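Structural overview for review
What follows is the residue order along each chain.
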Amino acid sequence: MKIRTAEITMSAVNRSQYPGEGIPEIALAGRSNVGKSSVINGLLSRKNFARTSSTPGKTRTINFYLINEEFYFVDLPGYGYAKVAKTEKEKWGAIMEMYLSDRRELCAIFLLVDCRHEPTADDKMMYEWIKHFGYNCVVVATKADKISRGQYQKHTSIIRKKLEMAKEDKIILTSSSSNVGMKALWDEIVDQYAQHGYTVTYEKTVD
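These lines cover the structure that appears in this document, whether it is placed above or below. Owing to the predicted nature of the structure, the values given are computational and were not obtained by experimental measurement. For every chain, the first residue of the written sequence is number 1, and numbering continues from 1 along that sequence. Totals for whole chains, interfaces and linings use all residues, but because this is a predicted model, local features are given only for residues with pLDDT of at least 70 and pairs of side-chain atoms are given and counted only at 80 or more. As a rule here, side-chain values cover all heavy atoms of the structure and leave hydrogens and water aside.

**Looking at the overall build of the protein**
Helix and strand assignments follow DSSP, with helices taken as H or I runs no shorter than four residues and strands as E runs no shorter than two, numbered in order from the N terminus. The helix and strand tally for the protein stands at five helices and seven strands. With respect to the principal axes defined by its C-alpha atoms, the protein has extents near 45 × 45 × 35 Å. In the protein, which comprises 207 residues, the proportion classed as buried is 50%. When contacts within the protein are restricted to residue pairs at least 6 apart in sequence, long-range pairs at least 24 apart make up 73% of them. For the accessible areas, the method is Shrake-Rupley and the probe is 1.4 Å, while residue cover comes only from the protein chains on display. Accessible area for the protein stands at about 10400 Å²; split by element, carbon and sulfur atoms hold 48% of it. Only protein chains enter the accessibility calculation, which uses a 1.4 Å probe; a residue is then buried when its area is under 20% of its type maximum, exposed when over 50%, and partly exposed in between. Two residues form a contact once any of their heavy atoms are found within 4.5 Å.

Okay, structure coming up:
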């Protein structure tokens with residue numbers, strides 16, 4: 001993917017702050033510290049583009065990244081951090097539901113899970129939430145460099161079984177540090193936009 005421009009356009013907590021240009025979006029969801037920012041940085045081949053926080057569970061905004069002036073990556077607030085107060089969790093739920101319930105520009109949601117561990121109850125809830133709102137869900141298993149290639153099938157099977165994934169939903173193993181799966185992820189991003197009638201300028205490559 002040739003990245004001509006990439007910019008952080010806004011951080012939103014309510015619908016009035018969302019972009020209004022009608023540009024298509026793909027959102028990334030996942031637990032705190034699962035690696036959403038690292039995946040975005042890996043896709044863009046930039047080390048420090050996406051915002052990261054040293055404190056898990058601190059980010060409580062939806063961050064919109066405009067890529068090539070054609071589409072958005074939407075970084076959703078991380079969930080599942082135990083030390084976050086109940087009131088903060090409730091705020092997170094309200095922000096997420098507002099975004100997911102009526103966002104015409106949203107084409108698909110990529111759910112990030114750590115490939116080394118079984119998905120948590122929060123991950124399963126997020127997967128079910130995505131399906132409930134009728135969005136396509138692609139599961140992105142991060143940190144694949146931490147396991148051997150011979151273990152890929154075992155770990156993807158565990159993830160699929162734990163989340164009770166629909167047969168048509170895909171799992172893509174990735175590692176932003178070693179570039180594993182980044183080309184496959186780009187192919188899937190373009191395909192998801194195409195399914196909704198959007199054309200993204202892109203040359204497909206073989207991973």
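**Quick notes on the pattern of salt bridges**
For this document, the term salt bridge refers to a Lys or Arg side-chain nitrogen within 4 Å of an Asp or Glu carboxyl oxygen. For the structure on display, the rule yields 13 salt bridges. In this structure, arginine 31 engages aspartate 123 in a salt bridge whose closest nitrogen and oxygen atoms are separated by 3.2 Å. With arginine 31 in the loop between strand E2 (25–30) and helix H1 (36–44) and aspartate 123 in helix H3 (residues 121–132), the pair connects residues that are 92 residues apart, well separated along the chain. We classify aspartate 123 as buried; its relative accessible area is 0%.

**Looking at H1**
Burial within H1 is extensive, with eight of its nine residues counted as buried. When we look at burial in H1, the residues that qualify are Lys36, Ser37, Val39, Ile40, Asn41, Gly42, Leu43 and Leu44. Phi turns positive, to about 55 degrees, at serine 45, one or two residues after H1.

**A look at the nonpolar core**
Taken as a class, soluble globular proteins show a tendency for nonpolar side chains to be buried jointly. Residues grouped as a nonpolar core are buried Ala, Val, Leu, Ile, Met, Phe, Trp, Tyr and Cys residues, joined through side-chain atoms within 4.5 Å. Judged by nonpolar contacts, the single largest core of 39 residues is most densely connected at Tyr99, Leu111 and Met126. Take this core: its biggest share by element is five residues, from helix H2 (residues 86–101). In this view, tyrosine 99 contacts Tyr18, Glu25, Ala27, Ile62, Phe64, Val74, Leu76 and Leu106; residues no more than four positions away in its chain are not counted.

**So, unusual backbone geometry**
Of note, the phi angle at glutamate 69 is positive, near 55 degrees, even though the residue is not glycine. Tracing the backbone shows glutamate 69 in the loop between strand E3 (62–67) and strand E4 (71–75). Even without glycine at this site, lysine 143 takes up a positive phi of about 65 degrees. Within the secondary structure layout, lysine 143 lies in the loop between strand E6 (136–142) and helix H4 (152–163).

**Details of the packing of aromatic side chains**
Note on aromatic contacts: the rings of Phe and Tyr and the six-membered ring of Trp form a pair at centre separations within 6.5 Å, being stacked when their planes are under 30 degrees apart, edge-to-face when over 60 apart, and tilted otherwise. Counting across every chain of the model gives 10 aromatic pairs. Geometrically, the ring pair formed by phenylalanine 71 and phenylalanine 73 is edge-to-face, given 5.6 Å between the ring centres and 65 degrees between the ring planes. As far as the burial class goes, phenylalanine 71 and phenylalanine 73 line up, both buried. Connected via pairs of aromatic rings, a cluster forms that spans Tyr18, Phe64, Tyr72 and Tyr99. Across from the ring centre of phenylalanine 49, 5.7 Å away, lies the NZ or CZ of arginine 46, which sits over that ring. Two limits define a charge over a ring: the Lys NZ or Arg CZ must be within 6 Å of the ring centre, and within 35 degrees of the ring normal.

**With respect to the environment of glycine 30**
Note on placement: glycine 30 falls in strand E2. Remark: the alpha-carbon pair of glycine 30 and aspartate 114, spanning 84 residues in sequence, is separated by 9.2 Å. Aside from chain neighbours lying at most four places away, what touches glycine 30 is Lys36, Pro77, Gly78, Tyr79, Leu111 and Leu112.

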